[in-house]
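# Chain and residue survey
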Amino acid sequence: MPQRVAITGASGLVGGALSAFLSGRGDEVLHVVRREPHTASEIGWDPRHRTLDPAALSGVTAVVNLAGANVGGKRWTPAYKQEIFASRVDSTHTIASALADLGEPVRLVNASAIGIYGSDRGDEVLTEDSEPGQGFLADVVRAWESATKPAADAGLPVAMARTGLVMAPEGGAFERLLTLGRLGLLGPLGSGRQYWSWITLRDVVRGYVHLIDRDDVTGPVNLVGPAPAHQADVARAVATQLHRPSLVPAPGFALKAVLGEFADDVLGSARVMPSALTASGFSFEHDTLEQAAAWLVDEAGLAA
């Protein structure tokens, strides 16, 4: 049956694509916005002050919370690190508390990230049962997921979508990689041996839809592709689709000079597997790196 889904962060990369997908299959989509609502399909809230009228969510079947400051959008100053942390925890607590107070059986699918496993786990295979790692992002994600507690304590089905590196032609790391690739400058970052747990935007959206529809899947869910790869291999796959070389390395010290503390996570390694997702019956549209790179380049309009 058609669902009625409320989405926060709907103007972002994933939120926009998810809204279009759900609308296309016949669901009613409501956007939760920080300004005064202008239409019947908008709900107002103020996550900074943790205010949201629970009655505004009455009748929805699911809420997808994607709100949060862009991790790679700016240099990590102390002020921006606080914004990254607060934007996630405050928004999640606001949504979870409103749903708990509402008292209706609403599904909550909350964004999360594989950053919980830490910035460098080497070749270790990581699943939802793996211990959290160390570092700023790991601390952020622990607090982020903990903020869903009011909804879970109220007996609502809550899933945390621990998303990996999203392969999309616009926004995120891969937009920059495509630019470098077109110039023939795409190559290893640091050693290139670190694992990148990639997933195409198409499969991210399909994964969120799967979690919306399957309210029996609860807890953390790694939203990553089934074949994490060394960063150098990811760069090579994209460069091959662009018919460009992938030889020029970017040394670690140069990345740290440009990105600051965030470079540690770019250069780190996280070999994350989608164990809970596949166990629940999800199948990937792009399950190999070659398929994913071809889709990425085609979506960017750069295919030969």
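Residues numbered from 1 in each chain as written. Predicted model: local features only at pLDDT ≥ 70, side-chain atom pairs only at ≥ 80, totals over all residues. Heavy atoms only, no water.

Another aspect to go through is the overall build of the protein chain. Helix and strand content of the protein chain: eleven helices and 13 strands. For 304 residues, the compact-globule estimate of 2.2 N^0.38 gives 19 Å, and the C-alpha radius of gyration of the protein chain, at 19 Å, lies within 12% of that figure. Seen through its C-alpha atoms, the protein chain measures out along the principal axes to roughly 55 × 40 × 40 Å. Split into buried and exposed, the 304 residues of the protein chain put 51% on the buried side. (Helix = DSSP H or I, 4+ residues; strand = E, 2+ residues; numbered from the N terminus. Rg over C-alpha atoms; globule rule 2.2 N^0.38 Å. Buried < 20%, exposed > 50% of the residue type's maximum accessible area, 1.4 Å probe, protein only.)

We now examine the environment of Ile95. Mapped onto the secondary structure, Ile95 falls in helix 2 (residues 78-102). For the pair Ile95 and Val140, spaced 45 residues apart in sequence, the C-alpha separation works out to 17 Å. Setting aside its immediate chain neighbours within four residues, Ile95 contacts Thr8, Trp45, Leu52, Val63, Asn65 and Leu108. (Contact = heavy atoms within 4.5 Å.)

With that settled, the discussion passes to the packing of aromatic side chains. A complete count under the given rule lists three aromatic pairs for this structure. Plain terms: the ring middles of Trp76 and Phe136 are 5.2 Å apart, the flat faces sit at 65° to each other, and that makes the pair edge-to-face. Separated by 60 residues along the polypeptide, Trp76 in the loop between strand 4 (62-65) and helix 2 and Phe136 in helix 3 (residues 136-146) bring together distant segments of the chain. Under the relative-accessibility criterion, Trp76 is labelled buried at 7%. A relative accessible area of 17% means that Phe136 is categorised as buried. Summarising the aromatic geometry, the rings of Phe174 and Trp196 are spaced 6.1 Å apart at their centres and angled 75° between planes, so their arrangement reads as edge-to-face. Taken as a pair, Phe174 in helix 5 (residues 173-182) and Trp196 in strand 9 (residues 195-196) lie far apart in primary sequence, 22 residues in all. Taking NZ or CZ as reference, Arg88 lies 4.9 Å from the ring centre of Trp144, over its face. (Phe/Tyr/Trp six-rings, centres within 6.5 Å; stacked < 30°, edge-to-face > 60°. Lys NZ or Arg CZ within 6 Å of the ring centre and 35° of its normal.)

Attention now moves to the environment of Thr163. With respect to the helices and strands, Thr163 occurs in strand 7 (residues 158-163). Along the sequence, Thr163 and Glu28 sit 135 residues apart, while their C-alpha atoms lie 24 Å from each other. In this structure Thr163 touches Ser112, Ala113, Ile114, Val204, Tyr208 and Leu223, once residues within four positions along its chain are discounted.

What follows deals with the side chain of Ser87. Along the chain, Ser87 falls in helix 2. Within the local environment of Ser87, its side chain forms a polar contact with the backbone nitrogen of Ala69, the two atoms lying 2.9 Å apart. Residues within four places of Ser87 in sequence aside, it is in contact with Ala67, Gly68 and Ala69. (Polar contact = N/O pair within 3.5 Å; in protein donor to acceptor, adjacent residues only side chain to side chain.)

Now for helix 6 (residues 201-213). In a regular helix each residue adds 1.5 Å, so 13 residues correspond to 18 Å; helix 6 covers 18 Å between its end C-alpha atoms and thus fits that length. With eleven of 13 residues buried, helix 6 is to be regarded as a mostly interior element. Within the sequence span of helix 6, burial applies to Leu201, Asp203, Val204, Val205, Arg206, Gly207, Tyr208, Val209, His210, Leu211 and Ile212. (Expected span 1.5 Å × (residues − 1).)

The subject of this paragraph is the pairing of strand 5 (residues 107-113). Of all seven residues that make up strand 5, six are buried, and the element is covered over most of its length. Handedness of the crossover is the feature at issue here: the chain leaves strand 4, passes through helix 2, returns alongside strand 5, and the resulting connection is right-handed. Pairing geometry for strand 5 and strand 7, over six bridges, is parallel. Among the inter-strand pairings, Ala113 is bridged to a residue of strand 7, identified as Thr163. (Right-handed = clockwise from strand over helix to strand, strands pointing away. Pairing = 2+ DSSP bridges.)

Once that is clear, we can look at the nonpolar core. Across soluble globular proteins, nonpolar side chains show a tendency to be buried alongside one another. In terms of nonpolar packing, the biggest core is built from 61 residues, with Ile7, Leu18, Leu22, Val64 and Tyr208 touching the most fellow members. Examining the composition of this core, we find that seven residues originate from one element, helix 6, more than from any other. With residues up to four places along the chain from it excluded, the contact list for Tyr208 reads Val14, Leu18, Val64, Leu66, Val109, Ala111, Ala161, Thr163 and Leu223. Core analysis: the second largest hydrophobic core is formed by 21 residues, Leu30, Ala96, Leu108 and Val158 among them. (Core = buried A, V, L, I, M, F, W, Y, C linked by side-chain atoms within 4.5 Å.)

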